[in-house]
Amino acid sequence: MEISEYNRDQWEAIQMVRRHLGILSRGQVGRIRRRIRPYLRFRGEVADFQRRHFSEVCTEKCFTSQTSACCGREGIATFFADVVMNVLLSKREEVEGLLQRLSQGTGGFKCIYLGKKGCLWRLKPIVCEMFLCEQARDTVLGKDEALRKQWEKLRRREKRYTWPSRPVLFDELEEIFIQAGFDSPLMYFHRSPGLLRIKAKHINHRSKRSA
Ligand code: SF4
Ligand code: SF4
């Protein structure tokens, strides 16, 4: 069966990450694991926030009627760093499961990674983690300023890992693989004109300050 461009790019990214992590020394993998620890703590806090404040509205609106807008779209954007961290944290059979799903065709009107029990990723992509539909946002955060501020704080913290106006983890993880000779359309921090502009602005700003 011919697979879509999206599936192929995802499949190849997972394979290259798996292959490269497989040949790195234990020390090198350990360094990546240590480097991603603060991000994983952050993800734990976001997941906890979502669980405490959104599970009720999400269950009522989506999970019981199975009409979630969260996973009801094809071709969800994933960063290469999302793939790196997910493969690093996944069991071998979980990675096999993702590859198998990607080689089976499209998910129709749903995300290809949506399984019977939810997302097949161990650590789902950051775009998915930070998504709240308008209705959920309005219902939960609408009248609660303190809660809204907490969510905004989490959004700002997300940028410390993903917004390249300073050196960020997501860019760094891509760089490790680029240095090793890999290339993927998912390497947005080295390919997206928008992100490259932000990086260039930051580098110019830094060099002016140090001149
Ligand atoms: S955030 Fe919105 S679309 Fe997503 S599961 Fe919750 S209620 Fe549904
Ligand atoms: S990757 Fe997972 S969380 Fe994100 S849309 Fe797909 S199934 Fe949902």
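Refer to the structure presented above.
Let me sum up the structure you'll find in this document. (Residues numbered from 1 in each chain as written. Chains lettered and ligands numbered in written order. Predicted model: local features only at pLDDT ≥ 70, side-chain atom pairs only at ≥ 80, totals over all residues. Heavy atoms only, no water.)

## Describing the overall build of the chain
To be explicit about the condition: Comment: elements are numbered from the N terminus, with helices defined as DSSP H or I runs of at least four residues and strands as E runs of at least two. Atoms counted for the radius of gyration: C-alpha only. Globule rule: 2.2 Å times the number of residues to the power 0.38. For every residue, the accessible area obtained with a 1.4 Å probe (protein chains only) is divided by the maximum for its type, and the residue is called buried under 20%, exposed over 50%, and partly exposed between those limits. Residues are treated as being in contact if the distance between any of their heavy atoms lies within 4.5 Å.
A tally of helices and strands in the chain yields 9 helices and 2 strands. Taken from the N to the C terminus, the helices and strands of the chain come in the order α-α-α-α-β-β-α-α-α-α-α. A compact globule built from 211 residues would reach a C-alpha radius of gyration of about 17 Å, and the chain, at 18 Å, matches this within 12%. For the chain, the spread of C-alpha atoms along the three principal axes comes to 50 × 50 × 30 Å. Across the 211 residues that make up the chain, the buried fraction comes to 39%. A separation threshold of at least 6 residues defines the contact pool for the chain, and within that pool the share at least 24 residues apart is 76%.

## What to know about the packing of helix α3 (residues 80-89) against helix α8 (residues 169-179)
Definition in use: In this analysis an axis means a line fitted to C-alpha atoms, helices contributing only their contacting stretch, and an angle means the value between N-to-C directions, from 0 to 180 degrees. Any angle between 65 and 115 degrees counts as roughly perpendicular, while under 35 counts as roughly parallel, over 145 as roughly antiparallel, and the rest as oblique. For this scheme, ten residues count as nonpolar: Ala, Val, Leu, Ile, Met, Phe, Trp, Tyr, Cys and Pro. Four count as charged, namely Asp, Glu, Lys and Arg, and the remainder, Gly too, count as polar.
The N-to-C vectors of α3 and α8 enclose an angle of 80 degrees; their axes lie 8 Å apart at closest approach. By the angle between their axes, α3 is roughly perpendicular relative to α8. Contacts between α3 and α8 involve Phe 80, Ala 81, Asp 82, Val 84 and Met 85 from the former and Leu 169, Phe 170, Leu 173, Glu 174 and Phe 177 from the latter. In terms of residue class, the contact of α3 with α8 is made up of 8 nonpolar, no polar and 2 charged.

## Focus on the environment of Tyr 6
The criterion, for reference: Here a polar contact means two N or O atoms within 3.5 Å. Within protein one must be a hydrogen donor candidate and the other an acceptor candidate, and residues neighboring in sequence count only if both atoms are side-chain atoms.
Positionally, Tyr 6 belongs in helix α1 (residues 5-23). For the pair Tyr 6 and Ala 77, spaced 71 residues apart in sequence, the C-alpha to C-alpha distance is 9.5 Å. Among all residues touching Tyr 6, those that are not within four sequence positions of it are Gly 75, Ile 76, Thr 78, Ile 112 and Tyr 113. Of the polar contacts made by the side chain of Tyr 6, one reaches the backbone oxygen of Ile 76; its length is 2.6 Å.

## Digging into the site of ligand 1
Rules: Whether a residue is near a molecule or strand depends on its heavy atoms: it is near if one of them lies within 4 Å of it.
Around ligand 1 lies a shell of 8 residues, among which Cys 58, Cys 62, Ala 69, Cys 70 and Cys 133 are the nearest. Per element, the largest residue contribution to the shell around ligand 1 is 3 residues, and it comes from helix α2 (residues 26-63).

## A look at α8
Listed as buried for α8 are Leu 169, Phe 170, Asp 171, Leu 173, Glu 174 and Phe 177. Looking one or two residues beyond α8, the residue adopting positive phi is Gly 181, at roughly 95 degrees.

## Let's talk about the site of ligand 2
Taken together, the residues surrounding ligand 2 are Cys 70, Cys 71, Cys 111, Tyr 113, Leu 114, Cys 119, Lys 124, Pro 125 and Cys 128. The residue makeup of the shell around ligand 2, split by class, is 8 nonpolar, no polar and 1 charged.

## Some remarks on the layout of surface pockets
Rolled over the atoms, a probe with the dimensions of a water molecule shows which regions are left empty. Applied cut-off: In this analysis the probe radius is 1.4 Å and the grid spacing 1 Å, with only protein atoms considered; a cavity is a set of points the probe fits into but cannot get out of, a pocket is an open set with protein on both sides within 12 Å along at least five of seven lines, and lining residues have an atom within 4 Å of a point. Grid points are joined across faces, edges and corners, and a volume is the space filled by probe spheres set on the points.
Taken as a whole, the second largest pocket encloses approximately 210 Å³ of empty space. Arg 18, Leu 21, Gly 22, Val 29, Arg 33, Val 87, Leu 88, Ser 90, Lys 91, Arg 92 and Val 95 together form the lining of the second largest pocket. Of all the secondary structure elements, the ones that give two or more residues to the lining of the second largest pocket are α1, α2, α3 and α4 (92-102). With 3 residues, the top contributor of residues to the lining of the second largest pocket is α1. Considering only residue class, the lining of the second largest pocket consists of 5 nonpolar, 2 polar and 4 charged.

## Overview of the side chain of Thr 162
Note that Thr 162 resides in helix α7 (residues 145-162). Looking at Thr 162, its side chain comes within polar contact range of the main-chain oxygen of Glu 158, at 3.1 Å. Other than its neighbours up to four places away in sequence, Thr 162 contacts Ile 126, Val 168, Phe 170 and Phe 189.

## Focus: the side chain of Arg 43
Structurally, the position occupied by Arg 43 is in helix α2. On the accessibility criterion, Arg 43 (3% relative accessible area) is buried. If sequence neighbours within four positions are ignored, Arg 43 has contacts with Leu 123, Lys 124, Pro 125, Ile 126 and Glu 129.

## Quick notes on the pattern of salt bridges
Using the following cut-off: In the sections that follow, a salt bridge refers to a side-chain nitrogen of Lys or Arg positioned within 4 Å of a carboxyl oxygen of Asp or Glu.
Counted under the stated rule, the structure contains 13 salt bridges. Measuring nitrogen to oxygen at the nearest pair gives 2.9 Å for the salt bridge that ties Glu 96 to Arg 18. Here the residue Glu 96 occupies a position in helix α4, and Arg 18 occupies one in helix α1, the gap between them amounting to 78 residues. A salt bridge links Arg 157 to Glu 45, with the shortest nitrogen-to-oxygen separation between them at 2.7 Å. Of the two residues, Arg 157 sits in helix α7 while Glu 45 sits in helix α2, which places them 112 residues apart along the sequence. Taking the relative accessible area as the measure of exposure, Arg 157 reaches 17% and is therefore buried. In this structure, a network of salt bridges that share partners links the residues Arg 43, Lys 124 and Glu 129.

Just distances and angles here, no functional claims.
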